[in-house]
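Notes for the structure review
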Amino acid sequence: MTLILNNTEVAKAVTMAECVDAIEDAFKEVGRGWAMSDPRIDRHMPTSKEAIAQELGIPVDQLEHKILNERIAKDAYVEPEAFNAPLIYMFKTMFGAIHKTGIAAVRTSSEVMSMPIVDGKLRYCKIPTGPGGRYTSLIQLFSARTGQLLCIMPDGYIQRNRVVATGAVGTK
């Protein structure tokens with residue numbers, strides 16, 4: 001049976017120490033030739049405030065307010081200039097598998113981005129346009145032995161911990 005988890009459940013199931021151990025094991029497996037991964041693939045196309053507002057069912061002049069003030073991802077900073085620059089839709093995929101664990105993972109990220117000029121420099125800004133003002137990225141885990149879908153979860157908690165754990169392993 002496939003598990004469907006939310007970020008709270010993922011946070012309860014995986015500690016930072018376990019993330020560090022898993023990343024270290026993954027790097028060792030890569031070195032042995034017992035792991036595989038593909039480079040991240042980014043695909044993008046233009047979108048607009050008007051198209052987003054129409055799909056969300058709100059007037060375009062309320063879009064910025066709704067995203068900035070009603071989003072659940074309140075800890076996610078959204079650059080104010082983000083709404084004054086052209087918007088793009090980006091779909092990203094990443095894949096990896098480790099023989100030792102028998103697990104293959106696919107991470108998909110479906111998001112709206114903006115590239116405003118801030119302090120004279122181009123800045124990439126993610127805009128939380130998913131349901132409830134969330135970012136929309138998922139991880140799917142599969143059995144590399146049977147091919148079965150094991151788990152579907154958002155990438156929010158696990159992604160942040162993966163970045164920190166990779167830095168921790170790099171400093172060892």
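Check the entry above for the structure.
Keep in mind that what you see is a predicted model, and the values were worked out from it rather than measured.

Our next topic: the overall build of the chain. Counting its secondary structure elements, the chain contains five helices and nine strands. Counting from the amino terminus, helix and strand elements in the chain follow one another as β-α-α-β-α-α-β-β-β-β-β-β-β-α. Taken over the C-alpha atoms alone, the chain extends approximately 55 × 40 × 30 Å along its principal axes. Out of the 172 residues belonging to the chain, those deemed buried represent 33%. Across the chain, contacts joining residues at least 24 apart in sequence account for 64% of those joining residues at least 6 apart.

Of the strand pairs in this sheet, strand 1 (residues 3-4) and strand 9 (residues 149-154) are connected by two bridges, and their pairing is parallel. Bridge pairing links leucine 3 to cysteine 151 in strand 9. When strand 8 (residues 136-143) meets strand 9, the two strands line up antiparallel, connected through five bridges. Looking at the pairing, isoleucine 139 lines up with methionine 153 of strand 9. Joining the antiparallel neighbours strand 8 and strand 9 is a turn of five residues, in which glycine 147 adopts a positive phi near 85°.

All right, on to the pattern of salt bridges then. Tallied over the full model, the rule gives six salt bridges. A salt bridge links glutamate 29 to arginine 32, with the nearest nitrogen and oxygen atoms 2.8 Å apart. Linking glutamate 29 with arginine 32, this pair stays in helix 2 (residues 16-32), spanning three residues, or about one helical turn. Taking the relative accessible area as the measure of exposure, glutamate 29 reaches 5% and is therefore buried. We classify arginine 32 as exposed; its relative accessible area is 53%. Across the pair lysine 126 and glutamate 111 runs a salt bridge, and its minimum N-O distance is 3.4 Å. Placement of the pair is lysine 126 in strand 7 (residues 125-127) and glutamate 111 in strand 4 (residues 103-114), with a sequence separation of 15 residues. Given the relative accessible area of 31%, lysine 126 is considered partly exposed. For glutamate 111, a relative accessible area of 3% puts it in the buried group.

Moving on, we come to the environment of asparagine 6. Among the secondary structure elements, asparagine 6 is positioned in the loop between strand 1 and helix 1 (7-13). A polar side-chain atom of asparagine 6 sits 3.0 Å from the main-chain amide nitrogen of threonine 8. A polar side-chain atom of asparagine 6 sits 2.8 Å from the main-chain amide nitrogen of glutamate 9.

What counts, and at which threshold
- Residues numbered from 1 in each chain as written.
- Predicted model: local features only at pLDDT ≥ 70, side-chain atom pairs only at ≥ 80, totals over all residues.
- Heavy atoms only, no water.
- Helix = DSSP H or I, 4+ residues; strand = E, 2+ residues; numbered from the N terminus.
- Buried < 20%, exposed > 50% of the residue type's maximum accessible area, 1.4 Å probe, protein only.
- Contact = heavy atoms within 4.5 Å.
- Pairing = 2+ DSSP bridges.
- Salt bridge = Lys/Arg side-chain N within 4 Å of Asp/Glu carboxyl O.
- Polar contact = N/O pair within 3.5 Å; in protein donor to acceptor, adjacent residues only side chain to side chain.

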